[in-house]
Amino acid sequence: MGSSCSSGSPTNSQNEGYYKKAEKSNKSQSPRSSQDEDKKRSGETATPGKATADKKKTKSQGNNPPPEPTSPPPAMASVQRHDTDISFQGSTASSDVLGNGVLEKRTTSPASQSVIRPSVTSPPPAMQSGGINPRCHDYKWFPADVKSLLLGQLDCQIEPPNDNVIKLYISANRTDSIVERNMLTEKAYSKLRLHCAQKGYELDIIDLHWGLRQERWLNASNHMQLCIDELNRCQQNPCIFVVFLNESYGAAIPPTIQPDDFEQITNSPNSLPIISEWYRLDSNAIPAVYSLRSDSGMTDEQYTDLLLALYRCMASSQREQYLCSVLEHEVRRAILHDNFDSDSVLWVNRIFSSVPHDVASGGSYTDAAARVCSEFSQFSRERLSLLRNKVQHRLVMNRNSTLRYQVPWKGGTICPEKIKEHSDYLEKLCGQFQESVQKIVEKIIRNKQEAEEEKPYKRISDKLYRDLTNNYVFCKSLGRHYVHQADVIDSVKTYMRNASVMAPLFLHAPLGTNKESILAEVAKNCSAWLPSSVCVFRFVKVSQACSLGDVLRSICEQIAVIYNLPKGWQQKESIKEVIMRLPSEQTLVILVSGIDEVGSHDDAQGVDWIPDALPPNVKVVMTVERDSSCMAELQNRFTDSSCFYAIPSITPEIAERMFSDLLKANCRTLADNQRDFIYSAVRKCSVPLHVELLANLACDWTSDVSADEIAHSLGTTVDEQIERIFEKLQNIFKGKIFSQVMGYLLCARHGISYSELLDTLSCDDGFLDDLSETFHLKPVRRCPPIVWIQLFHKLRPYLYSYKPNGTVLINFEQTSIITKANAKFMADSHGQQFHKSLFDFYDGRWANEKKKPHSSAAEGIDIQHDRHVISQPVKYSCAVYNCRKLTEQTLHAAHLPLAERKENFLFNLDWLSAKVEGTDVYQVIHDVLMALTEEADDADLQLLLEVLRLSSAALEDDPSQLYVQFSIRLKIIMSESADQYPCMKKLYDKCTDDSLDYFEPSSYECLQRPRTTDNDVDVTNTIITKLFRLKGSNTYMVSLLYERGEIKVWDIHTQTVTRTLRGLNCPLDTRFIDDLKGVVLCNRELKIYNLDTGEMEVKIKGIMNQRMPYYELHDQNHVVALSRNRMYIYIIQISTGDTLSTFKAGEDRFLNSLAVSSNGHFLVCGDETQKPTPLLVWDLNNRKLIYDLRINNHEFQTKMLTVSSDGHFVVCACKEVISDDAINNVVIYDLTTGTVFKKWKPGFNTTAIAISSEDDWVTTALDNGNILLWDLTTGTCKFILKGHKSSIDKLIASTDGSRLLSFDSTGFDRSLRLWDLNTGACLASLTFDDPFSNCQLSPDGSTVVLALPGWENILTLHLRKATPSVSAHAYGDEERAGNVYTVDE
């Protein structure tokens, strides 16, 4: 490893200049000779102002010689070569002595491995007092959408959160390809769904033409409109469109006809009474239309008669408009449009060979009407032929989009049981169909991944981003519910602008008053009321896991990002405490809707988390249901009535206006008598939810709906109206159809997905039996998708979509509807049965081709059928967990005895590990809380809950730490009282199994233990400041104690001190000459100490720069140091402390970094004066400035500067000077030629660099938390090391380059990781409860040594399976072991 730039020590000393001879040289060469001016220019007491800097820039650039030509183009780099002699002052040493001596190649000292070392004028961050120091973020690095989300700005366009759903839409005529689609359901669909699940996606298969038994049902269900609407919904996702376009056209009866056309049709000589019998003028539509009666009394014969009657009465243009088949409508929307993508289309084209001439008059592959009327048959064939030609033309360039089959015509049907050619055809179809769809799926996933990679780095966690976008989309959607109530909005506005009001405001109202929409309006106006404010808003029902605990954690995380707080701060300081100390220059507004929506198993209970008092710049507004227990708790705690605002009921006039607006939005109106009924109901109950329910109901009324039907459908209260809606839907969906769907929707934890619901319904035989009259359930016994789609469209006004982890879940939006539905559909044993069915589904009971038996009433026997449901493993693949199973199954396991649940889930290590990794730790906590409601005194459950809570911050960032967190926190309690916790003891034994490898600490007090209060350690007191490893020993390390003025030598394997030096003046940094001697920076002075004997051997003359006291070893006899004024570099004799040589960069050029190669051949410094900033390279052997490295329009970030051990390469971060927020790059120079060797643009800011030319690699840490391992020979990225959740600034490698330690020295991220650079694998990681002061890696990479705040001793970590290398040699003189020296300064 090579040396890198270093930072200086804090000091109050203001001694005179650095070296007298250097000062004299300074005065003779610079026109400014006063000491104050020298300090100002060097940055010791002040930074030069803009005018001064500009002047220096002009002068220095004028003095530099022109650059010589180099191999890289000017846009890449320019190099200035210098042959300037080095001046020798007061030294008789010849250059041959220093330049030609034998230099030992050495590993970089630990201190020189620190890549980023901040300049300091006070103790470094690790030494300062602890606690949180919030500061407002400048947001310049955030993408525009993330910035808007963080600030709560609603006046921008944010894309809804991405979901991992792919739609497979099947288009076909009802009577065509029935056998093929049955076979695909049996042989292909489940495999395709499993294939997508293994990629982390859900495949929704929508075939609204499958399973239909009767043509008349198409009329009753408004089938055409359902198909069109659903196809439009599918196209909002990645959609694969499969069309079976074969022999049947399927002309359909039009659902509506325009009045002018209807008049022409009915006035036609061929008109028949059946047309006027089935069509009625609907004056409620805007504009008015003739609508087909939607009752189900039409027979198949009447359907055919009406279709033929319309055909005979219509003109040619009207036939094309109104008799268009559903199939053609779908093809037009999916293929025959400008944005058509042939790669997402699949045409299954079956062609019958040897078709008899009389096929038009018979056969199951022709339309019923065509078999009756030859003229209509001709019309259907012409439309079908035209449609096929258009599709063929659009797909001609993509042959993979068409699956074409020649099938012999035998018997007028496909019969695989009897005809081998048909069986072979179906087998071939299933194989090719599956292969083709998989290819399309792969491309869709690849495109989504590429699109996601092209997006700018969000700089916040995916979980927070998804939560913010979910709340944003929901908040914007609430505009449709908002009823303007000026008094409420004005009251909230007054509260926010009144700085003297320092308490939260609670808006309360009964259920159904649209409190959420009022809060959304407040969020919308927040920036106008309080310019430059930050608005944090949350709606409990749409936040992650729909729990108050998750809402509060999400709010805390957002505040942490806004005010640049470290990870996990909320575990040490409550939100109440932090709010009181937020910066006063920016107003923070927190809006929370539904704080009363807390389940008994929520990990956030009560109202204690709400601040009693607020600072003037923080405002909190929350909504609560008036009659809830939460409201009672608030009133007991907040006795001031001004904290509460009762949202008044809207007036009947406003309610009527609201009703009218809702109708207009749906292009509907009402007849006068209908409006009288409605307004009468509105006046009796003007609650906004009641008005919405009435409007949704009235939108389905045609103008001829009878008064009795209207009167029966209206309720005078919200509950009555909900009951009327349920009754109406139960009349439409007979038997158990409606009630079963409602049950599964209600009992799922956060909702249920489309595919999950179809799978569950397909295993519900009572539900399927009620479908058998209308739908084909043979030979495939499965719920047809059209059933749920039709019901979904009826329930759609009352539902909302929720997207956790990319899955789209459907749930009810209104609490009132959920409460009423639970009472109606989940009472008695019904709820238990729904939970049991869902448990069986997530348990995979009927998956993997297992046949579920059911009783056939008609045949009087039990029959078994495969329901073709997807399998439910815990993991679909090595990287993809079954999140839905992990989330839902424990909820539905309530019918199992608690002991069985504890064994199978709560204390099952495999399940716990999978759930923590697949979902999050808080879902596990939820499960434990649910079990504790049954056994509140269960000691095992109580201990498990406590350990999970203590480990929650670590497991949230890195779920793989479950084993190490449990093993450390439980070690002592299991050794003392394991018999009290039998279940936890089994869990602990599995966590500590010998086969597992993770960090084993030297002390188990490093993490807080359960059953104890917080450790009695002052985490604000940094005792051990820095740790340094010795290049020749895997056993010993050295620590500096700045405040105490001590140096200690540690045996890291026994954690004992073998030498102690006391009485040093603020030691901060050191460079080791050998294992026993070091050059120590003490209060801006360099001193040589013998750590074995405790003696100060030499005090180097002069004072270092206050902010940049940089120095490195040239060899064992010489030190290279930056002068106090930062204009010179000195080579100093270690044995005498005298300066041998002086390097000067140039007139008025100030250096800001210093790096020396480990072999001592090259010195590299950064120059901050000239713009763009160059790198200066000296040949130390020949005492020459050899390169002035520059890149046009780029400046080097010299705090990330390092040189390879052999001096061959120098690596530094640089960025374009085009803007402040430009992303930096990494440049490697070849110092043998002075040219750019490699330039890497990883797309993210680099935060740390480490290099090893011996092993041919460079590692760079990025601000997204990733670490890149580059092959120095090829310039390619060998590995991307993923694991850190935020940026890190420290990379320390083992001496052989096989292992890498990564961490964040600022404490923002409290985790550390050890990597195997040969495989790119993370060997171990550990997150601490508090930031650690310093961290170091042993030379062989086997042991991590840490300094923890408040700890006198060091902490060591080693891999459980590894045996650390222990040195057989004692440190120094063995007789001095344990000596404590007081140094005589």
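Residues numbered from 1 in each chain as written. Predicted model: local features only at pLDDT ≥ 70, side-chain atom pairs only at ≥ 80, totals over all residues. Heavy atoms only, no water.

1. Details of the state of the cysteines
As a reminder, the rule being used: Put simply, a disulfide is two cysteine sulfurs that come within 2.5 Å.
In this structure the tally under the stated criterion is 0 disulfides. Free cysteine C1066: the closest other cysteine sulfur is in C1082, separated by 8.2 Å.

2. With respect to the sheet that holds strand β7 (residues 289–292)
Put simply, the rule is: Only strands joined by at least two bridges in the DSSP assignment are considered to pair. Here a strand is any run of E in DSSP of at least two residues, a helix any run of H or I of at least four, and the numbering for each starts at the N terminus.
Read from one edge of the open sheet, 3 strands run β5-β7-β6, paired in antiparallel fashion. Each edge of the sheet is formed by a strand with only one pairing partner; in this case those strands are β5 (256–257) and β6 (279–282). Here β6 pairs with β7 via 4 bridges, running antiparallel. Bridge pairing in β7 links Y279 to L292.

3. Looking at unusual backbone geometry
Omega for the peptide link from K778 to P779 comes to 0°, which places this bond in the cis form. Assignment of secondary structure puts P779 in the loop between α32 (765–771) and α33 (785–795). Note the cis peptide between K1171 and P1172, where omega equals -5°. Structurally, P1172 can be placed in the loop between β35 (1162–1166) and β36 (1175–1179). At D828, a residue that is not glycine, the phi angle is positive and equals roughly 55°. Within the secondary structure, D828 sits in the loop between α34 (815–825) and α35 (830–842). A positive phi angle is found at N848, which is not glycine, with a value near 55°.

4. Comments concerning the packing of helix α27 (residues 688–698) against helix α29 (residues 718–732)
Quick reminder of the rule: Lines are fitted to the C-alpha atoms to define the axes, a helix being fitted only along its stretch in contact, and any angle between axes, read from their N-to-C directions, falls within 0 to 180 degrees. Reported orientations rely on four angle classes, namely roughly parallel under 35 degrees, roughly antiparallel over 145, roughly perpendicular from 65 to 115, and oblique for the rest. Helix crossings fall into two classes, left-handed where the near helix is turned counterclockwise from the far one by less than a right angle and right-handed where it is turned clockwise. Note on contacts: a residue pair is in contact if any heavy atoms of the two residues lie within 4.5 Å. Nonpolar residues are Ala, Val, Leu, Ile, Met, Phe, Trp, Tyr, Cys and Pro. Charged residues are Asp, Glu, Lys and Arg, and all others, Gly as well, are polar.
α29 packs onto α27 with a crossing angle of 25° between their chain directions and a minimal axis gap of 9 Å. As summarised for this structure, α27 and α29 are arranged roughly parallel, according to the angle between their axes. As for how α27 packs across α29, the hand of that crossing is left-handed. In this structure, α27 uses L689, H690, L693, L694 and L697 to contact α29, whose residues at the interface are V718, Q721, I722, I725 and K728. Grouping the constituent residues of the contact of α27 with α29 by class yields 7 nonpolar, 2 polar and 1 charged.

5. Some details on the pairing of strand β8 (residues 345–353)
Sheet faces and side chains relate simply in a regular strand, where the side chains alternate between the two faces. The cut-off we apply is this: Think of it in three bands: with a 1.4 Å probe and only protein chains considered, a residue is buried below 20% of the maximum accessible area for its type, exposed above 50%, and partly exposed in between.
The element β8 is largely enclosed, with a buried count of 7 among its 9 residues. For strand β4 (residues 239–244) and β8, the ladder comprises 4 bridges, and the chain directions are parallel. Its bridge partner lying in β8, V242 is registered against L346. Looking at chain direction, β8 and strand β9 (residues 402–408) are connected through 7 bridges and run parallel. Across the sheet, residue S353 finds its bridge partner in β9, namely P408.

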